[in-house]
Amino acid sequence: MPPALSILECDVGRGLFAAEVIAAGCEILRFTGPLLTLNEVRANGAGAANALQIGVDRYLDLDGPGRFANHSCTPNAGVVDNTRLVALRAIAAGEEIRFDYSTTISDGWTMACRCGSPDCRGLVVAFQLLPPLLQRRYAVLGVVQRFMLEEVEA
Ligand SMILES: [Zn+2]
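What counts and how
Each chain carries its own residue numbering, running from 1 in the direction its sequence is written. For a predicted model such as this one, the threshold for reporting local features is a pLDDT of at least 70, and the threshold for listing and counting side-chain atom pairs is 80 or more; totals across whole chains, interfaces and linings nevertheless cover every residue. Excluded from the side-chain calculations are hydrogens and water; all other atoms, namely the structure's heavy atoms, are used. Note: metal donors comprise N, O and S atoms at 2.8 Å or less from the metal (3.2 Å for Na, K and Ca); water molecules are not included, so apparent gaps in a site are possible. By the criteria applied here, four donors are tetrahedral when all angles lie between 85 and 135 degrees, four are square planar and six octahedral when opposite donors are over 155 degrees apart and every other angle lies between 65 and 115, and any other arrangement is irregular. Secondary structure is summarised from DSSP: a helix means a run of H or I of at least four residues, a strand means a run of E of at least two, and numbering begins at the N terminus for each. Each reported salt bridge corresponds to a side-chain nitrogen of Lys or Arg within 4 Å of a carboxyl oxygen of Asp or Glu. Each residue is assigned to one of three classes by its accessible area relative to the maximum for its type, calculated with a 1.4 Å probe on protein chains only: buried under 20%, partly exposed between the two thresholds, exposed over 50%. Stacked, tilted and edge-to-face pairs are distinguished by plane angle, under 30 degrees for stacked and over 60 for edge-to-face with tilted covering the rest, among Phe, Tyr and Trp rings (Trp via its six-membered ring) whose centres lie within 6.5 Å. Any Lys NZ or Arg CZ found within 6 Å of a ring centre and within 35 degrees of that ring's normal is scored as a charge over the ring. In short, DSSP must find at least two bridges between two strands for them to pair. In this tally, Asp and Glu contribute negative charge and Lys and Arg positive charge; neither His nor the terminal groups of the chain are included. Residue contacts are defined here by distance: any two heavy atoms, one from each residue, within 4.5 Å place the two residues in contact.

### Points about the coordination of the zinc ion
- Protein-derived ligands of the zinc ion are C73 (SG), C113 (SG), C115 (SG) and C120 (SG), with the metal-ligand distances lying across 2.3 to 2.4 Å.
- In this structure, the zinc ion is surrounded by four donor atoms whose angles at the metal cover 105 to 114°, and the resulting shape is tetrahedral.
- Sequence positions of the donors to the zinc ion reduce to the motif C-x39-C-x1-C-x4-C. With C73 in the loop between β7 (70–71) and β8 (77–80) and C120 in the loop between β11 (111–112) and β12 (123–124), the pair connects residues that are 47 residues apart, well separated along the chain.

Listed below in structure tokens is the structure:
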């Protein structure tokens, strides 16, 4: 049974929240949506922030609750196997569920960050541009899109 979730107002619009306690390692949801190329994502303009990169020129135009998962520089969730959102630690009921968008970005897309974390990087950038230690931490946690790890290791 996937955990109960709610979509609530938050300081960046709407966000995805735990409606009950979610245990560490638990699958929160699977990202779904129509498959797009990078050109199609760029043609979407403002909607580009709703695209999840799952391959070199492959994106999901997110629908469902996954569309509302916001970014954090200190995330409580991560993306495993391209489309599974998994809890990195226990998440309290009422807590917003967020992952680090940089773990799924390899193109030139950037976003100013106001996530409020003491470790906020200020700008969300491609995975390759993260500090090497942070890249390694996410790789060890298994929450980096596979096609990007192949690029880093190559
Ligand atoms: Zn941040």
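### Considerations on the pattern of salt bridges
- Evaluated as defined, the whole model comprises six salt bridges.
- Here R121 and D100 are joined by a salt bridge, their closest N and O atoms 2.8 Å apart. Taken as a pair, R121 in the loop between β11 and β12 and D100 in the loop between β10 (98–99) and β11 lie far apart in primary sequence, 21 residues in all.
- The exposure class of R121 is partly exposed, given its relative accessible area of 25%.
- Among the charged side chains, a salt-bridge network with shared partners connects E27, R30, D81, R84 and R146.

### Brief notes about the environment of P131
- Position of P131 among the secondary structure elements: in the loop between β12 and α2 (132–141).
- Assessed through its relative accessible area of 44%, P131 is described here as partly exposed.

### Thoughts on the packing of aromatic side chains
- All chains considered together, the criterion is met by two aromatic pairs.
- Taken together, a centroid distance of 5.0 Å and an interplanar angle of 45° make the contact between F99 and Y101 tilted.
- The exposure class assigned to F99 is buried, which follows from its relative accessible area of 4%.
- In textbook terms, an aromatic cluster arises when at least three aromatic residues are bridged by ring pairs, as seen for F31, F99 and Y101.
- The ring of Y138 is capped by R137, whose NZ or CZ atom sits 5.9 Å from the centre of that ring.

### Comments concerning the sheet that holds strand β4 (residues 35–36)
- The strand order across the open sheet formed by three strands is β4-β6-β5, and the pairing between neighbours is antiparallel. Edge positions in the sheet fall to β4 and β5 (51–55), since each has one partner strand and no second.
- The sheet contact formed by β4 and strand β6 (residues 58–61) spans two bridges and is antiparallel. Among the inter-strand pairings, L36 is bridged to a residue of β6, identified as Y59.

### What to know about the pairing of strand β1 (residues 5–10)
- The sheet contact formed by β1 and strand β2 (residues 13–18) spans six bridges and is antiparallel. If you follow S6 over to β2, its bridge partner there is F17.
- Between β1 and β2, which pair antiparallel and follow one another directly, the connecting turn spans two residues.

### Considerations on the side chain of E96
- Along the chain, E96 turns up in the loop between β9 (84–87) and β10.
- The side chain of E96 is buried and forms no salt bridge, while R98, the nearest opposite charge, is found at 4.2 Å.
- Apart from the residues lying within four places of it in its own chain, the contact partners of E96 are C10, G15, L16, F17, N70 and N76.

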